[in-house]
Amino acid sequence: MRTDEEIKFRLSSEDKELIAWAAENEGTTITQFVRAPAIERARALRAESEFRQYSMIPAGFFDELQAALTAPVEPVAALAAAANRLRSRTDLDLE
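Small disclaimer: the values here were computed from a predicted structure and weren't measured. (Residues numbered from 1 in each chain as written. Predicted model: local features only at pLDDT ≥ 70, side-chain atom pairs only at ≥ 80, totals over all residues. Heavy atoms only, no water.)

## What about the overall build of the protein?
Summing up its helical and strand segments, the protein has four helices and zero strands in all. Counting helices and strands in the order they occur from the N terminus, the protein gives α-α-α-α. In terms of C-alpha radius of gyration, the protein reaches 30 Å, well past the compact-globule figure of 12 Å for 95 residues. Considered along the principal axes of its C-alpha atoms, the protein spans approximately 85 × 30 × 25 Å. Put simply, the protein shows about 9300 Å² of open surface, and 57% of that area lies on carbon and sulfur atoms. Within the protein, the 17 negative side-chain charges are centred at a point lying 7 Å from the centre of the 12 positive side-chain charges. (Helix = DSSP H or I, 4+ residues; strand = E, 2+ residues; numbered from the N terminus. Rg over C-alpha atoms; globule rule 2.2 N^0.38 Å. Areas by Shrake-Rupley, 256 points an atom, 1.4 Å probe, with all protein chains shown as cover. Lys, Arg positive; Asp, Glu negative; His and termini not counted. Charge placed at Lys NZ, Arg CZ, Asp CG, Glu CD.)

## As for the confidence of the model for the protein
Per-residue confidence for the protein gives a mean pLDDT of 89; residues scoring 70 or more make up 94%. Taking the mean pLDDT of every element in the protein, the minimum, 88, falls on helix 4 (residues 77-89) and the maximum, 97, on helix 1 (residues 13-26). (pLDDT = per-residue confidence, 0-100.)

## What to know about a nonpolar patch on the surface
A contiguous nonpolar patch, built from I57, F61, F62, L65 and L69 and spanning about 480 Å² of accessible area, is present on the exposed surface. Here L69 shows up in helix 3 (residues 59-70). (Patch = residues over 30% accessible without salt bridge, like charges linked within 9 Å, V, L, I, M, F, W, Y side chains within 5 Å. Salt bridge = Lys/Arg side-chain N within 4 Å of Asp/Glu carboxyl O.)

## A word on helix 1
The end-to-end C-alpha distance of helix 1 is 20 Å, a good match for the 20 Å that 14 residues give at a rise of 1.5 Å each. Downstream of helix 1 by one or two residues, G27 has phi in the positive range, about 75 degrees. (Expected span 1.5 Å × (residues − 1).)

## Here we look at the environment of R2
By the secondary structure assignment, R2 is in the segment before helix 1. Looking at R2, its side chain comes within polar contact range of the side chain of D4, at 2.9 Å. (Polar contact = N/O pair within 3.5 Å; in protein donor to acceptor, adjacent residues only side chain to side chain.)

## Observations concerning the environment of E48
Its location among the elements puts E48 in helix 2 (residues 30-55). In the structure, E48 is positioned 24 residues away from E24 in sequence and 32 Å away in space, judged by C-alpha atoms.

## Structural notes on the pattern of salt bridges
Oppositely charged side chains may form a pair once their charged atoms are brought near each other. For the structure shown, the criterion picks out two salt bridges. The residue D4 makes a salt bridge to R2 at a minimum N-O spacing of 2.9 Å. E6 serves as the salt-bridge partner of K8, at 3.9 Å between the closest nitrogen and oxygen. Note on E6: relative accessible area 63%, which makes it exposed. (Buried < 20%, exposed > 50% of the residue type's maximum accessible area, 1.4 Å probe, protein only.)

So, in structure tokens, the structure goes:
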């Protein structure tokens, strides 16, 4: 990937010295030391944002949905009767 764009930011001389020390101890450049975690965080935030865009529902609705999906199943008489009628007309085993 081409890296011809720049981002400049200001920091204290103490922070710059600390970052330079850390980069040297990691065996990397200051640019690589600062760039890698920034890109990683940006990608994580984008992924989280995209996830929320498609999966956010109000908490109350989610709780009701979860309760409905985990509640014990109650037989519905009309559906049971329809299944019995279908079963009597075919040789399907619906159970």
